[in-house]
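Results of the structural survey
What follows is each chain in one-letter form.
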Amino acid sequence: MRDIFPQLDYQPELPKRLDRGIGIVGAGGIVNYAHLPAYKKAGFKVVGITDRNREQAERTAKQQGIPKVYGRVEELLREPDVEIVDVAVYPAEQLAIVEQAAAAGKHLLCQKPLADDYAKAVRSVELAERAKVKIAVNQQMRWDAGIRCTRLLINDGWLGDPTYGSIQVHSKTDWSLWPWIYQGKHVEIMFHSIHYIDSLRYLLGEPTLVFTSGSRAPGETTTAETKTLTVWEYASGLQVLIDVCHTTWQDDAYASFRFEGTEGVIKGTIGLMYNYPTGRPDTLEFMSKRNPAYWFTARLDSMWIPDAFVGPMASLMRAIEDGSEPETSGRDNLRTLQVVFAEYRSMAEKRAVRPQEISQ
Ligand SMILES: NC(=O)c1ccc[n+]([C@@H]2O[C@H](COP(=O)([O-])OP(=O)(O)OC[C@H]3O[C@@H](n4cnc5c(N)ncnc54)[C@H](O)[C@@H]3O)[C@@H](O)[C@H]2O)c1
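Parameters at a glance
- Residues numbered from 1 in each chain as written.
- Predicted model: local features only at pLDDT ≥ 70, side-chain atom pairs only at ≥ 80, totals over all residues.
- Heavy atoms only, no water.
- Near = heavy atom within 4 Å.
- Polar contact = N/O pair within 3.5 Å; in protein donor to acceptor, adjacent residues only side chain to side chain.
- Areas by Shrake-Rupley, 256 points an atom, 1.4 Å probe, with all protein chains shown as cover.
- Helix = DSSP H or I, 4+ residues; strand = E, 2+ residues; numbered from the N terminus.
- Expected span 1.5 Å × (residues − 1).
- Contact = heavy atoms within 4.5 Å.
- Pairing = 2+ DSSP bridges.
- Axes fitted to C-alpha atoms, helices over the stretch in contact; angles between N-to-C directions.
- Bend = angle between axes of the 7 residues up to and from the residue.
- Buried < 20%, exposed > 50% of the residue type's maximum accessible area, 1.4 Å probe, protein only.
- Parallel < 35°, antiparallel > 145°, perpendicular 65-115°, else oblique.
- Left-handed = near helix turned anticlockwise from the far one by under 90°.
- Nonpolar A, V, L, I, M, F, W, Y, C, P; charged D, E, K, R; others polar.
- Core = buried A, V, L, I, M, F, W, Y, C linked by side-chain atoms within 4.5 Å.
- Salt bridge = Lys/Arg side-chain N within 4 Å of Asp/Glu carboxyl O.

What follows covers the site of the ligand. Around the ligand sit 24 residues in total, of which Gly-29, Asp-51, Val-89, Tyr-90 and Gln-140 are the nearest. Contacts to the ligand include Ile-30, whose backbone N or O atom sits 3.0 Å from an oxygen atom. At 2.9 Å from an oxygen atom of the ligand is found a side-chain nitrogen or oxygen belonging to Gln-140. Taken by itself the ligand offers 850 Å² of open surface, and the protein chains cover 89% of this. Within the residue set of the shell around the ligand, elements represented by two or more residues are helix H1 (29-42), helix H4 (91-103) and helix H8 (188-204).

This brings us to helix H5 (residues 118-130). Its 13 residues give H5 an end-to-end C-alpha distance of 18 Å, which sits within 8% of 18 Å, the value for a rise of 1.5 Å per residue. Tucked into the core, H5 has its buried residues touching H4, strand E6 (135-137) and helix H10 (330-349). Near the N-terminus of H5, the side chain that reaches the backbone nitrogen of Ala-119, with its oxygen 3.0 Å away, is that of Asp-117.

Judged by pairing direction, the sheet is mixed, and its eight strands sit side by side in the order E8-E9-E10-E7-E11-E12-E13-E14 without closing on themselves. Each end of this open sheet is capped by a strand with a single partner; those strands are strand E8 (209-215) and strand E14 (296-298). Strand-to-strand twist across the sheet, computed as the mean angle between neighbouring axes with direction ignored, equals 10°. Pairing of strand E7 (residues 162-170) with strand E11 (residues 254-261) involves eight bridges; the strand directions are antiparallel. Counterpart to Val-169 in the pairing with E11 is Ala-255.

So, about H8. Approximately 50° is the largest bend angle found in H8, and it occurs at Ile-194. Most of H8 is tucked away, with 17 of its 17 residues classed as buried. Gly-205 occupies a position one or two residues after H8 and carries a positive phi of about 90°.

What follows deals with the environment of Thr-230. Looking at where Thr-230 falls in the secondary structure, it is placed in strand E9 (residues 227-233). Separated by 172 residues in the primary sequence, Thr-230 and Glu-58 place their C-alpha atoms 42 Å from one another. Dropping the residues within four chain positions of it, Thr-230 is found in contact with Phe-211, Thr-212, Val-240, Leu-241, Ile-242 and Glu-343. Within the structure, the side chain of Thr-230 is placed 2.9 Å from the side chain of Thr-212, a separation counted as a polar contact.

So, about the packing of H4 against H5. Taken N-terminus to C-terminus, the directions of H4 and H5 make an angle of 10°; their axes are 9 Å apart at the nearest point. Compared by their axis directions, H4 and H5 come out roughly parallel. Remark: the crossing between H4 and H5 carries left-handed chirality. Packed against H4, whose contacting residues are Ala-92, Leu-95, Val-98, Glu-99 and Ala-102, the element H5 presents Lys-120, Arg-123, Ser-124, Leu-127 and Ala-128 at the interface. The residue inventory of the contact of H4 with H5, partitioned by class, reads six nonpolar, one polar and three charged.

With that out of the way, let us pick up the nonpolar core. Counting 112 residues, the largest nonpolar core has Tyr-196 and Ile-270 as the members making the most contacts within it. Here this core gets 10 residues from one element, more than from any other, and that element is H8.

Look at H5 against H10: their axes get within 10 Å of each other, and the N-to-C directions meet at 175°. By the angle class used here, H5 and H10 are roughly antiparallel. From H5, Tyr-118, Ala-121, Val-122, Val-125, Glu-126 and Glu-129 reach across to H10, where they touch Gly-330, Arg-331, Leu-334, Leu-337, Gln-338 and Phe-341.

With that out of the way, let us pick up the pairing of strand E10 (residues 239-245). Counted residue by residue, E10 has five buried out of seven residues, so it is predominantly covered. Relative to E10, E7 is paired through seven bridges, and the arrangement is parallel. When the bridges of E10 are listed, Gln-168 appears paired with Asp-243. As paired strands, E9 and E10 are joined by seven bridges and run antiparallel to one another. By the bridge assignment for E10, Glu-233 is matched with Gln-239. Turn length for the E9-E10 hairpin, with the two strands adjacent in sequence and antiparallel, is five residues, and the turn residue Gly-237 shows positive phi of about 100°.

Quick look at the pattern of salt bridges now. Following the criterion strictly, the structure yields 27 salt bridges and no others. Glu-13 is the salt-bridge partner of Arg-318, the closest N and O atoms lying 4.0 Å from each other. Taken together, the positions of Arg-318 in helix H9 (residues 310-322) and Glu-13 in the segment before strand E1 (21-25) put the pair 305 residues apart, joining distant regions of the chain. What makes Arg-318 buried here is its relative accessible area of 17%. For Glu-13, a relative accessible area of 55% gives the class exposed. Of the charged contacts, one joins Arg-17 and Glu-83 as a salt bridge, the two residues approaching to 3.6 Å between their closest N and O atoms. Of the two residues, Arg-17 is situated in the segment before E1 and Glu-83 in the loop between helix H3 (73-78) and strand E4 (84-87); the sequence distance between them amounts to 66 residues.

Its place among the elements puts Phe-191 in helix H8. For Phe-191, a relative accessible area of 15% corresponds to the buried category. C-alpha separation for the pair Phe-191 and Val-340, spaced 149 residues apart in sequence, amounts to 9.8 Å. In this structure Phe-191 touches Pro-91, Lys-112, Pro-113, Trp-180, Ile-181 and His-186, once residues within four positions along its chain are discounted.

Right, here's the structure in full:
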């Protein structure tokens, strides 16, 4: 049986050159616990950092060994050693930074969501394209071990034609990590399920129709959605379920994915969601008609945080190297955002929505 176990090389493909200078805008939580530990592991070169809260930038630089702190974004952009600007600020703030960085001829890795509305996201992509710089979005779940292995299995024909896909995550989310998100107009889909939307597009392609119900638990102080149930339809008959609830009060959290196809079944767990942001490795099992009634088990030892964060930066660097597009390019991300905003329209109008309905 071992003979037919597929090669599941899920590690990100690194660029030839690791020493392209990275300048970071935003010295908050995600930069400290994910970007910087990942870049250190990969051997990437961080030249400097800036944050509108200077003390925060100084503290991060000291703790993480970053050589330079800039008082303003403009100073960082004047630094010749900075080739890539890694933006990790709030979505409403990203467009202004993209505009300046593109004008300065710097390549860009932006955090998800690329913008807080679709028109701003389109503008960001157009600005980068016009300036002939690369723009990628930090949708690092595509490099999460369970998702990447699923993609390798699908590409290798183990699933056959996909007929069903699901991601189901119920957890007790600690919103105090992101007080600015919890009080916003959009919560669950915009900041969390956007990962599942992007990963499901990556694995299964574009849905033709989406339907979403969004709600929250009694007593919650946000007016946005914290639990959502979504169904996607495809022309082929493939159906997708995204079932996410952040208000589970007991400790019985679960985070699973399952894909069924004409030739096989793939199922597993998303380790990060069992104890964010520490998490545990994903699990993945699959059964195939090539060997019916036997569950293959993959051994996965990389983590969403920080390991998967190497992926988007490595992919951007490879795109700079060979003139290709990053896997999570800004242009590709517009399709993820179309689905995000289609789901919100569906929630508001209580109807199924085609992602193409979302335009500027
Ligand atoms: N990819 C992921 O898995 C993931 C996970 C968490 C957060 N995020 C995203 O990362 C971004 C940051 O989240 P966070 O949790 O680190 O937030 P945070 O509040 O911890 O940090 C944000 C930092 O950006 C700084 N800042 C804001 N606007 C700025 C500007 N215009 N110029 C310079 N500095 C500015 C703030 O002072 C703050 O230090 C958000 O867009 C969030 O959606 C992504």
